[in-house]
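Analysis of the macromolecular model
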Amino acid sequence: MDRIGSYGAYQKNYYGKTVQEKKGTEEVQKADAAKAGKNQPVKLSARAEKLLKELKNTYRNMDFFVANYDSDEEAAEYLSRGNKDYSVLLEPETLEEMAADEKTKEKYLNLMKEATTDLKDMKEKLGEEGKEVTHLGVSIDKNGTMSYFAELEKLSDKQRERIEKAKEDKAEQAKKAGKEDKTKAGQTGTAGSERAKRTRVTAGTMEELISKIKNVDWNKIPWQTAESGSRFDSVI
């Protein structure tokens, strides 16, 4: 009886372990599939595509992104890809609603304009702290909820001195070259590697964003070295 009982217990344990392993594998596969699905291009209706093109042509100082996201971290990842003054992230449902209804379109456009104006004013009001803000953005989800985003960078004293020196050199070159050669004179940049601290801040309100920017503890963010133009950061 003991041998039979032991074998039965073995079968039960083996079966249970196999089921758990299979379940774990399926969950990982589902998570990977979901992640892969999010990275796929969003399918939009013809009128939504037309509106997106219109937005990009009208608001030249904004980068527009359309994507589904589940967290502030995901939204920040999309927003950080922008190269213009501001980044705007819209969920597909929001863009479709804007394309289908003129009033909804105006509503969200007004929200975007107000948000980017507020972000600009905020950066100026921050003074010296505002100089650490390198990129700003706003996201609007399918429920119409707006969130704010800021990318910050703190340079080493040596790096900051080098950049300031480069700016002075550019200004001097432009002055000597005259207006016609101003663009060419300003092309000397800060190529090569740089040492900096970078982080992202996300918030549900402008007041929260300002508070988070002011309270960033740079002592907890390590210095990193990256090629100029690349991005490395943490999300707060």
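Computed from a predicted structure; not experimentally measured.

Quick look at the overall build of the protein chain
Along the protein chain, the regular secondary structure elements total eight helices and six strands. Of the regular secondary structure in the protein chain, the N- to C-terminal order runs α-α-β-α-β-α-α-β-β-α-α-β-α-β. Taking all 236 residues of the protein chain together, the buried fraction comes to 34%. In the protein chain, the proportion of contacts linking residues at least 24 apart, taken out of those at least 6 apart, comes to 67%. Carbon and sulfur atoms provide 48% of the accessible area of the protein chain, an area that totals close to 15,500 Å².

Side note on helix 2 (residues 46–58)
Over its 13 residues, helix 2 extends 18 Å from the first C-alpha to the last, a length consistent with the 18 Å expected when each residue adds 1.5 Å. Residues Ala-48, Leu-51, Leu-52 and Leu-55 constitute the buried set of helix 2. Axial view of helix 2: buried residues confined to an arc of 100 degrees, hence all on one face. Structural note: helix 2 exposes Ala-46, Arg-47, Lys-50 and Lys-53 on the side pointing more than 90 degrees away from its buried face.

Here we look at the nonpolar core
Residues Leu-95 and Leu-209 are the most contacted members of the largest nonpolar core, which totals 37 residues. In terms of residue count, helix 5 (residues 102–125) provides more of this core than any other element does, six residues in total. For Leu-209, the contacting residues outside a window of four places in its chain are Leu-119, Met-122, Tyr-148, Phe-149, Ala-150, Val-201 and Ala-203. Listed in part, the nine residues of the second largest apolar core include Tyr-69, Ala-76, Leu-79 and Phe-149.

Thoughts on the pattern of salt bridges
Opposite charge on two side chains permits pairing when their charged atoms draw close. Per the stated rule, a full pass over the model turns up eight salt bridges. The salt bridge involving Glu-77 is made with Arg-81; its shortest N-O contact spans 3.8 Å. As a salt-bridge pair, Glu-128 and Lys-131 come within 3.2 Å of each other at their nearest N and O atoms. Each of the two residues, Glu-128 as well as Lys-131, counts as exposed. Ionic contacts of the salt-bridge type, sharing partners, join the residues Glu-77, Arg-81, Glu-151 and Arg-200 into one network.

What to know about the confidence of the model for the protein chain
Per-residue confidence for the protein chain gives a mean pLDDT of 78; residues scoring 70 or more make up 67%. Under a pLDDT of 50 for its full length, residues 28–37 has, in the predicted model, zero contacts with residues more than four places off or in other chains.

Re a negative patch on the surface
Taken together, Glu-93, Glu-97, Asp-101, Glu-102 and Glu-106 make up a surface patch of like negative charges. Elements supplying a minimum of two residues to the negative patch: helix 4 (92–100) and helix 5. Turning to its location among the elements, Glu-106 is positioned in helix 5. The partly exposed category is assigned to Glu-106, whose relative accessible area is 37%.

So, how was this worked out
Residues numbered from 1 in each chain as written. Predicted model: local features only at pLDDT ≥ 70, side-chain atom pairs only at ≥ 80, totals over all residues. Heavy atoms only, no water. Helix = DSSP H or I, 4+ residues; strand = E, 2+ residues; numbered from the N terminus. Buried < 20%, exposed > 50% of the residue type's maximum accessible area, 1.4 Å probe, protein only. Contact = heavy atoms within 4.5 Å. Areas by Shrake-Rupley, 256 points an atom, 1.4 Å probe, with all protein chains shown as cover. Expected span 1.5 Å × (residues − 1). Arc of directions from axis to C-beta. Core = buried A, V, L, I, M, F, W, Y, C linked by side-chain atoms within 4.5 Å. Salt bridge = Lys/Arg side-chain N within 4 Å of Asp/Glu carboxyl O. pLDDT = per-residue confidence, 0-100. Patch = residues over 30% accessible without salt bridge, like charges linked within 9 Å, V, L, I, M, F, W, Y side chains within 5 Å. Lys, Arg positive; Asp, Glu negative; His and termini not counted. Charge placed at Lys NZ, Arg CZ, Asp CG, Glu CD.

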